[in-house]
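Tertiary structure, described
The primary structure of each chain is shown beneath.
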Amino acid sequence: MKQEMSTDGNIEALSQDIVDKGSTIIELIDVKKVYVSDGVPTEAMRGISFKVTKGEFIAVVGPSGSGKSTLLHLIGGLDRPTSGRILIGGNDINKLSDDKLAELRNEKIGFVFQFYNLVPYLPVIKNVELPLIVKGVSSQERRERVLKLLEEVGLKDKAFTRPTRLSGGEQQRVAIARALINNPEILLADEPTGNLDSKNSIMIAELFRRLNDKGRTILMVTHNLLVASYAKRILYIRDGLIEKEENKA
Ligand SMILES: Nc1ncnc2c1ncn2[C@@H]1O[C@H](COP(=O)(O)OP(=O)(O)OP(=O)(O)O)[C@@H](O)[C@H]1O
Ligand SMILES: [Mg+2]
């Protein structure tokens, strides 16, 4: 699996780092983020530090505008911090070039968002296998991997259905399968149930719990406290800082 993911050996080196540097998979050290729009600065993160151990399931909660999405974007390498350090598997992501950061993001991190961002005219199976087509994985292997994941999210029987014919909860499960197709170690989800009714929200929370039971590290932003209760650790964010945290494990 690692070999086919690796194009030039560097990701393999990153994987090695994770093995060598113990069980901390994510570490933030005094991370700050200032956005400047129209010359006006907004301090979205004002000095956040915490460690994530491999295999944790963390919920991030807090009021609107408190910096939750910013936190997820920075951890996922979609944006860079203004100051402070973010280590993914012991690698300081600020020291990576844009290309290497993209590589790390593609191979190590899966993203799930509130709106499923599926391609409406492509059947489920195609939506999920898209990242593999881009990578040139053979059609037989693609099919095997996609069907296995669809089974995992309980949607094998919908493989040839278009997303427009699925419920919101089903669409989100397709998006989760797609996020997992490269077998990332970390799953980041920003309000994954924000658009769902309570029954489907719980179904997604239970799915995350099962994925976590199999060892996947999960960070999930949510406004829904019932959904948050499925995580083993809850970080409460307010005004760009961690206000408190709760550990259930
Ligand atoms: N690209 C940006 N440019 C300027 N300001 C931004 C940008 N992104 C976020 N902000 C500001 O940073 C702060 C934190 O935003 P963020 O999106 O992280 O909050 P959030 O906790 O995810 O909120 P919500 O619950 O509404 O999604 C807010 O004041 C927001 O207006
Ligand atoms: Mg947000």
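Once a new chain begins, its residue numbering starts again from 1 and follows that chain's sequence as written. Numbering of ligands from 1 and lettering of chains from A proceed in the order in which they are written. The predicted nature of this model means local features are confined to residues of pLDDT at least 70 and side-chain atom pairs, given and counted, to a pLDDT of 80 or more, with totals for whole chains, interfaces and linings taken over all residues.

A word on the overall build of the chain
Here is the rule: A run of H or I in DSSP becomes a helix once it reaches four residues, and a run of E becomes a strand once it reaches two; helices and strands are each numbered from the N terminus. Put simply, the radius of gyration uses C-alpha atoms, and a globule should come to 2.2 Å times the residue count raised to 0.38. A residue is called partly exposed when the number of other C-beta atoms within 10 Å of its own lies between 12 and 20, exposed at 12 or fewer, and buried at 20 or more, with C-beta atoms placed from the backbone. By definition, residue pairs are in contact when their C-beta atoms, positioned from the backbone, come within 7 Å.
Per the secondary structure count, the chain includes 9 helices and 10 strands. For the chain, whose C-alpha radius of gyration is 18 Å, the value lies close to the compact-globule estimate of 18 Å for 249 residues. Oriented by its inertia axes, the alpha-carbon framework of the chain measures out at about 45 × 45 × 45 Å. Relative to its full complement of 249 residues, the chain shows a buried share of 39%. Pairs at least 24 apart in sequence give 69% of the contacts found in the chain among residues at least 6 apart.

Thoughts on the pairing of strand 3 (residues 57-61)
What counts is decided by this rule: Pairing between strands is defined by DSSP: at least two bridges between them are needed.
Within strand 3, 5 of the 5 residues are buried, which leaves it mostly tucked inside the rest of the structure. Taking every second residue as pointing to the same face, both faces of strand 3 are buried, with Phe57, Ala59 and Val61 on one and Ile58 and Val60 on the other. Direction of pairing for strand 3 relative to strand 8 (residues 217-221): parallel, over a ladder of 4 bridges. Across the sheet, residue Ile58 finds its bridge partner in strand 8, namely Leu219. Pairing of strand 3 with strand 9 (residues 233-238) involves 4 bridges; the strand directions are parallel. Directly across from Val60, in strand 9, lies its bridge partner Leu235.

Quick word on the sheet that holds strand 2 (residues 40-53)
Reading across from one edge, 2-1-4-5 is the order of the 4 strands in this open sheet, with antiparallel pairing throughout. Edge strands, defined here as strands with exactly one partner in the open sheet, are strand 2 and strand 5 (91-92). Both strand 1 (residues 24-37) and strand 4 (residues 83-88) contribute to a ladder of 5 bridges, which runs antiparallel. Opposite Lys32, over in strand 4, you have Ser83 as the bridge partner.

Examining the pairing of strand 4
Side chains on a regular strand alternate between the two faces of the sheet. Alignment of strand 4 against strand 5, held across 2 bridges, turns out to be antiparallel. Its bridge partner being in strand 5, Ile88 is matched across the sheet by Asn91.

Some thoughts on the site of ligand 1
Filter applied, for reference: Any residue whose backbone-placed C-beta atom lies within 6 Å of a molecule or strand is treated as near that molecule or strand. Each residue is assigned to one of three groups, with Ala, Val, Leu, Ile, Met, Phe, Trp, Tyr, Cys and Pro labelled nonpolar, Asp, Glu, Lys and Arg labelled charged, and all others, Gly among them, labelled polar.
Taken together, Tyr35, Ser37, Thr42, Ala44, Gly62, Ser64, Gly65, Ser66, Gly67, Lys68, Ser69 and Thr70 make up the full set of residues near ligand 1. Those elements that provide at least two residues to the shell around ligand 1 are strand 1, strand 2 and helix 3 (68-75). Its residues placed into classes, the shell around ligand 1 shows 2 nonpolar, 9 polar and 1 charged.

Notes on the packing of helix 5 (residues 124-135) against helix 7 (residues 168-179)
Test applied: Axes here refer to lines fitted to C-alpha atoms; in helices the fit is confined to the stretch in contact. Angles between the N-to-C directions go from 0 to 180 degrees. For classification purposes, an angle smaller than 35 degrees is called roughly parallel, one larger than 145 roughly antiparallel, one from 65 to 115 roughly perpendicular, and anything else oblique. The sense of a crossing depends on the near helix, which, turned anticlockwise from the far helix by less than a right angle, makes the crossing left-handed and, turned clockwise, makes it right-handed.
The contact between helix 5 and helix 7 brings their axes to 8 Å, and the two run at 30°. As judged from the angle between their axes, helix 5 and helix 7 are roughly parallel. Considering how the two elements wind past one another, helix 5 and helix 7 form a crossing that is right-handed. On helix 7, the residues that touch Val124, Asn127, Val128 and Pro131 of helix 5 are Val174, Ala177 and Arg178.

Some points on the sheet that holds strand 7 (residues 186-190)
Taken in spatial order, the 6 strands make up an open sheet running 6-7-8-3-9-10, and their pairing is mixed. The two strands at the open ends of the sheet, each matched to only one other strand, are strand 6 (109-112) and strand 10 (241-247). Between one strand axis and the next, the sheet turns through 15° on average, direction left out of account. Sheet strands touched by helix 7: strand 6 and strand 7. Its angle to strand 6, the strand with the most contacts, is close to 165°.

Here we look at the confidence of the model for the chain
Keep this limit in mind: pLDDT expresses how confident the predictor is about each individual residue, on a scale running from 0 to 100.
Of all residues in the chain, 91% attain a pLDDT of 70 or more, and the chain-wide mean is 90. Scored below 50 in pLDDT, residues 1-22 makes 24 contacts in the model with residues more than four places away or belonging to other chains.

Let's talk about helix 5
Residues Val124, Ile125, Asn127, Val128, Glu129 and Leu132 constitute the buried set of helix 5. Looking at the buried positions of helix 5, the neighbouring elements they touch are helix 6 (139-152) and helix 7. Positive backbone phi, at 80°, marks Gly136, one or two positions downstream of helix 5.

A word on the environment of Ala189
Tracing the sequence through the fold places Ala189 in strand 7. The contacts of Ala189, once residues within four sequence positions are left out, are Val112, Met220 and Val221.

Some details on helix 8 (residues 198-213)
The criterion, for reference: The length a helix should cover is 1.5 Å for every residue beyond the first. In this description, the arc belongs to the directions extending from the helix axis to the C-beta atoms.
Between its terminal C-alpha atoms helix 8 stretches 22 Å, which fits the 22 Å expected from 16 residues at 1.5 Å a residue. Considered for burial, the residues of helix 8 that qualify are Ser201, Ile204, Ala205, Leu207, Phe208 and Asn212. Along the axis of helix 8, the buried positions cluster into a sector of 155°, meaning they face one direction only. Facing away from the buried side of helix 8, by more than 90 degrees, are the exposed residues Lys199, Glu206, Arg210 and Asp213. With its phi angle positive at about 110°, Gly215 sits one or two positions after the end of helix 8.

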